[in-house]
Structures are given as C-alpha cells and as structure tokens.
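Here is how the chains run, residue by residue.
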Amino acid sequence: MLKTNRDRIPKISVIGEISSPKVRSAYTVGHDGVPRVSAGMGGIAYNVRVGDPAFGWVGDHIEPGVSIKNSDETSNGALNLFSCAGNRAIVVSGEAKGSEGTVTGKHGGIEHVLVDFPPEILERLAIGDKIQVRSWGQGLQIDGFPGIRLMNLDPNLLEKMGLSVEGDKLTVPVAAIVPAELMGSGIGSAAAERGDYDITTQDPEVLKAHSLTGLRFGDIVAILDRASFFGRQYRKGAIEIGVIVHSNSDISGHGPGVTTLLTSLGGEIIPVVDPKANLARYLGIREV
C-alpha cells in the first residue's frame, strides 16, 4: 500500500446547488461549419452516467449525472477548487435530502462540479437543490515521490486505482494514452486544481490510431508530454494522469474533458493500459 499524508489533510465542507442549463444562442457552429441545436452543460442528466461512452451523444460538452455550482464567484471558486474526484456528496435540501452521491470530476469555463447519483435519486432531485461536498484531497502526496504532484484526488480513490511501485517509478493503470498534440481548450490555465482541459477530436483518423474513440466518462487516461505542476504546459518527457469528465464536442479545439489527478515532470509515472481503469469500477458506482 502506498504511504501518503492522508491523515494530515483536512476534510472541509463546500456546497453548491444543481445548476440550470443556460443558452445564449440557439445554434452553435461546429468545426465543420454546421450549425447545431444540442443539449449542453448543466442540470440533471438522467440517462448519462459515469461509465457511459463519451462519444455519440446528440449534445456538446454533456456532463454526466448532476452539475452543481454557486452563483457567487468566490464561493464557486472554493467549490470547484476543493472538490476532488471520489469525494462524498450529500443532498441537503429538497425531496432527496440525505441522499449520497460521489464527485466524479470538475468542468472548467462554466466551472461545474459533477456528481453521480443512482437513477432512483436523480428522479427525486430538482434544479436548485443544494448538495454539500465533503472535500478532501488537495495537497495529497505520496511518500518517496517528490517528483509526482497529486491534485483533485480523494485519498480513498487513490488507494483503489491499482497503482504500484517499481523501483523509483509509479505505474498507473489507464484506459488510454493521449499524445500531447491532441490537447486543446484549457492549455495555459494557471492551475490544474480547477476545471479540466479538452482532448481535441477534429481528426478522426488520429483518434482511431490512438484508440480514443471508445473513451467513457470516468476513464483514467495518460497524457504524454504534458505537465500540470503549476498550470498546464507542454513539457517533453512529462506525463499527466486524468479522468474523462464530459462528452465530446463539435467545436474546434474541444472534445472530451480531462480533470488532472497526477502529474510528473521527469518520467516518474509509467502508464499501463487497462480497459477497466474507470471511476465507475473503482468507486463501486456501476459495472463497466
């Protein structure tokens, strides 16, 4: 078992409410010049969950499960910053009060936190219901690996991801490996502890060549030659491990979103392909 500083990381509450979808324009124009009317971010996705495909939906940037946010910018900054994949989320208002779900990722830009609930709970939720997250994980470290930085990762989830130590390296099971040149929207962000950034999907042949067309929400992926120690950057030999948090997009420079979980600059992380490397399985949410 990996030794970490988990016992020294405080658990604190952050809260948000189920966010209504918002529409500024009826149409979005895709990379192919085609205008489309399609569902997007926010609200409650009744039939889209962690473990489902990230491609093929009639929509754009679809967020699985429940999307929560605060109207106050600073409060929402805390919600997005401190929430970590794997954190417990508890409904504290509305008909489903007392029900528990799980944080599965974070979306940048609009800055939603994404929470999975069982289908029977989704039916009882409503836009505006408040959900409190027991945030725990920012500042997590693995003893003996100062060259690896962790973020957005609940310590309990870390222990379920099948990581192993091989000498001075850490092997991490991943569902897919993404080349650096495919990363788009979100590059250059000042901190990877908030939000995500996108795998661009405008070249279908490249996606097929790297076995990315079968990506699912919750898949753990490795991104080569990308680092997120202090902001997202290109760095030869670096590596980043993240989780797929939202669906594909028809907009140029966009695609399935990745929330960062681990990153290293000097090759300390070795990705090992495992098609079952998915949050749904690690967290016992559903079979995938």
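Structure's up top.
Everything numeric here is computed off the predicted structure, so don't read it as measured data.

1. Focus on the sheet that holds strand S11 (residues 164-166)
Right, so step 1: The mixed open sheet is built from three strands, whose spatial order is S11-S12-S18. In this open sheet, the two strands that pair with only one neighbour each are S11 and strand S18 (269-273). Along the sheet, successive strands turn relative to each other by an average axial angle of 35°, direction set aside.

2. Quick look at the packing of aromatic side chains
Right, so step 1: Following the criterion strictly, the structure yields one aromatic pair and no others.
Right, so step 2: Plain terms: the ring middles of Phe-229 and Phe-230 are 6.4 Å apart, the flat faces sit at 70° to each other, and that makes the pair edge-to-face.
Right, so step 3: The exposure class assigned to Phe-229 is buried, which follows from its relative accessible area of 15%.
Right, so step 4: We note Lys-11 situated over the ring of Trp-136; from NZ or CZ to the ring centre the distance is 4.4 Å.

3. Details of the pattern of salt bridges
Right, so step 1: Under the criterion given, the structure shown has 13 salt bridges.
Right, so step 2: The partner of Arg-36 in a salt bridge is Asp-32, and the shortest N-O contact between them spans 2.7 Å.
Right, so step 3: Among the residues examined, Asp-32 registers a relative accessible area of 40% and is labelled partly exposed.
Right, so step 4: Linking Asp-274 and Arg-281 is a salt bridge whose minimum nitrogen-to-oxygen distance equals 3.9 Å.
Right, so step 5: Assessed through its relative accessible area of 24%, Asp-274 is described here as partly exposed.
Right, so step 6: The class for Arg-281 is partly exposed, based on a relative accessible area of 37%.

4. Considerations on the environment of Pro-173
Right, so step 1: With respect to the helices and strands, the residue Pro-173 is situated in strand S12 (residues 169-174).
Right, so step 2: Distance from Pro-173 to Gly-231, taken between C-alpha atoms, is 24 Å for residues 58 residues apart in sequence.

5. Observations concerning the side chain of Asp-129
Right, so step 1: Turning to its location among the elements, Asp-129 is positioned in the loop between helix H2 (119-122) and strand S9 (130-135).
Right, so step 2: Salt bridges are absent for the buried Asp-129, whose nearest opposite-charge side chain, Arg-124, sits at 8.7 Å.
Right, so step 3: For Asp-129, the side chain forms a polar contact with the main-chain nitrogen of Ala-126, separated by 2.9 Å.
Right, so step 4: The residues touching Asp-129, leaving out its near neighbours within four places in the chain, are Gly-16, Glu-17, Ile-18, Ser-93, Gly-94 and Arg-124.

Calculation rules
- Residues numbered from 1 in each chain as written.
- Predicted model: local features only at pLDDT ≥ 70, side-chain atom pairs only at ≥ 80, totals over all residues.
- Heavy atoms only, no water.
- Pairing = 2+ DSSP bridges.
- Helix = DSSP H or I, 4+ residues; strand = E, 2+ residues; numbered from the N terminus.
- Axes fitted to C-alpha atoms, helices over the stretch in contact; angles between N-to-C directions.
- Phe/Tyr/Trp six-rings, centres within 6.5 Å; stacked < 30°, edge-to-face > 60°.
- Buried < 20%, exposed > 50% of the residue type's maximum accessible area, 1.4 Å probe, protein only.
- Lys NZ or Arg CZ within 6 Å of the ring centre and 35° of its normal.
- Salt bridge = Lys/Arg side-chain N within 4 Å of Asp/Glu carboxyl O.
- Lys, Arg positive; Asp, Glu negative; His and termini not counted.
- Polar contact = N/O pair within 3.5 Å; in protein donor to acceptor, adjacent residues only side chain to side chain.
- Contact = heavy atoms within 4.5 Å.

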